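Fold and contact review
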Amino acid sequence: MLWLVLLLGLSKPPTAMRTVEIRGMEFHPAVLTVAVGDTVVWVNRDIVPHTATASGRVKAWDTKQLSQGQAGRYVARHKGTLRYSCTFHPTMHGTLIVR
Amino acid sequence: MSRSKHSLPLFAAALVFAAPLAAQNPPDLSDPEVAHVAVTANSIDIDAAKFAQTRTHNTAVKQFAATMITDHTAVNQQAAALATKLGVTPADNAVSQSLQADAKKAHTALESLHGAAFDRAYMDREIAYHQAVLDAIDKVLIPTTDNAELKQLLTNVRPAVAAHLDHAKQVRSQLGAAARTGK
């Protein structure tokens, strides 16, 4: 049993940390493709607060308010294309593609 | 004719302060004066948003007003921190006074309105105001600023003002097909 757990653990592909910078009232990059298990970090570089909030009724994630210099994260657990926006600034949109 | 139809052209006329200033002879503001204009412009929009929150029942307008308070407060905090760092005391000037006089007129006109008429007039005012501030940033404030950090702050603030303008237009378009007052 222990052997099986170790094997599964070792065979798991490494996960990455991917960053989206929020600056100039935009998400950079606006479209980010990651692998299942990767962690996406949104860092706010703007003076004004932002959020990165998944669209839809059931929100996959919501960083809540990020002041300048603060970061929020989400571990991508399911494949798919997820759109998100800033709840304070509805003109700001981003897309997260999980493969 | 309703009062709003009189008052909004007045806002529009008053709010294009940037245009005549920038046209042929932009005012040569000192950095302390630029700092004062920036703080005044932010404070005016915060006050307008606080008033809107007491008057509107529209969710999109309420959210817009909340964002204006949060964002312009954050910008003013940065401006104050920079002024302290640079040892600059913001100095009152003709542009700040003109902004304040315009704001007073705008507030007086909005005070008489309620319901959907208020929402439309407030959003029209926000569109005109952010457009005027954007023009002022581009044509007056950035070109006349000497200090690199103050210039950078204005440059950093510009996308937020542009986004507010787009946000205001988006909210205004949701307020129904009623003709835009004053247009």
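As a starting point, this report considers the structure included with it. Since the structure is predicted, the reported quantities are computational estimates derived from the model, not experimental observations. Starting from 1, residues in each chain are numbered consecutively following that chain's sequence as written. In the order they appear in the text, chains get letters beginning with A and ligands get numbers beginning with 1. Under the rules for a predicted model, residues below a pLDDT of 70 receive no local features and side-chain atom pairs below 80 are neither given nor counted, while totals for whole chains, interfaces and linings still include all residues. For side-chain calculations, the full set of non-hydrogen atoms in the structure is used, while hydrogens and water are omitted.

**Some remarks on the sheet that holds strand S8 (residues 93-98) of chain A**
All names here are of chain A.
- In this description, strands pair whenever DSSP reports at least two bridges between them. Numbering goes from the N terminus for both helices and strands, where a helix is a DSSP run of H or I of at least four residues and a strand is a run of E of at least two. With mixed pairing, the four strands of this open sheet are ordered in space as S3-S8-S7-S5. Whereas interior strands pair on both sides, the edge strands pair on one side only; in this sheet they are strand S3 (31-34) and strand S5 (53-54).
- When S3 meets S8, the two strands line up parallel, connected through four bridges. Pairing of Val31 across the sheet is with Thr95, part of S8.

**A closer look at the sheet that holds strand S2 (residues 26-28) of chain A**
Residue and element names in this part refer to chain A.
- The strand order across the open sheet built from four strands is S2-S1-S4-S6, with neighbouring strands paired in mixed fashion. Edge positions in the sheet fall to S2 and strand S6 (71-75), since each has one partner strand and no second. Mean inter-strand twist for the sheet, computed between neighbouring axes without regard to direction, equals 25°.
- In terms of strand pairing, strand S1 (residues 17-23) meets S2 through three bridges, oriented antiparallel. Bridging from a neighbouring strand, Arg23 pairs with Glu26 of S2. Note on geometry: axes are C-alpha line fits, over the in-contact stretch for helices, and angles between N-to-C directions span 0 to 180 degrees.

**As for the packing of aromatic side chains**
Residues and elements named next belong to chain A.
- Here a Phe, Tyr or Trp ring, Trp counted by its six-membered ring, pairs with any other such ring whose centre lies within 6.5 Å, and the pair is stacked when the planes are under 30 degrees apart, edge-to-face when over 60, and tilted otherwise. In total, this model carries eight aromatic pairs over all chains according to the counting rule given.
- Centroid distance Phe27 to Tyr84: 4.7 Å. Interplanar angle 70°. Geometry classified as edge-to-face. Remark: Tyr84 occurs in strand S7 (residues 80-85) and Phe27 occurs in strand S2; sequence separation between them is 57 residues. Tyr84 shares its class with Phe27; the two are buried.
- A ring pair is formed by Trp42 and Tyr84, whose centres lie 5.4 Å apart and whose planes are at 75°; its orientation type is edge-to-face. Here Trp42, found in strand S4 (residues 39-44), pairs with Tyr84, found in strand S7; they are 42 residues apart in sequence, far enough to count as distant. Residue burial is assigned from relative accessible area. The probe radius is 1.4 Å, only protein chains are included, and a residue is buried under 20% of its type maximum, exposed over 50%, and partly exposed in between.

**Quick word on the environment of B:Ile142**
Residue and element names in this part refer to chain B.
- Here Ile142 is to be found in helix H6 (residues 115-144).
- Judged by its relative accessible area of 19%, Ile142 is buried.
- Placed 23 residues apart in sequence, Ile142 and Asp119 show a C-alpha to C-alpha distance of 32 Å.
- What Ile142 contacts, discounting residues up to four positions off in sequence, is Ile137, Lys151, Leu154 and Thr155. Whether two residues are in contact is decided by their heavy atoms, any of which lying within 4.5 Å being enough.

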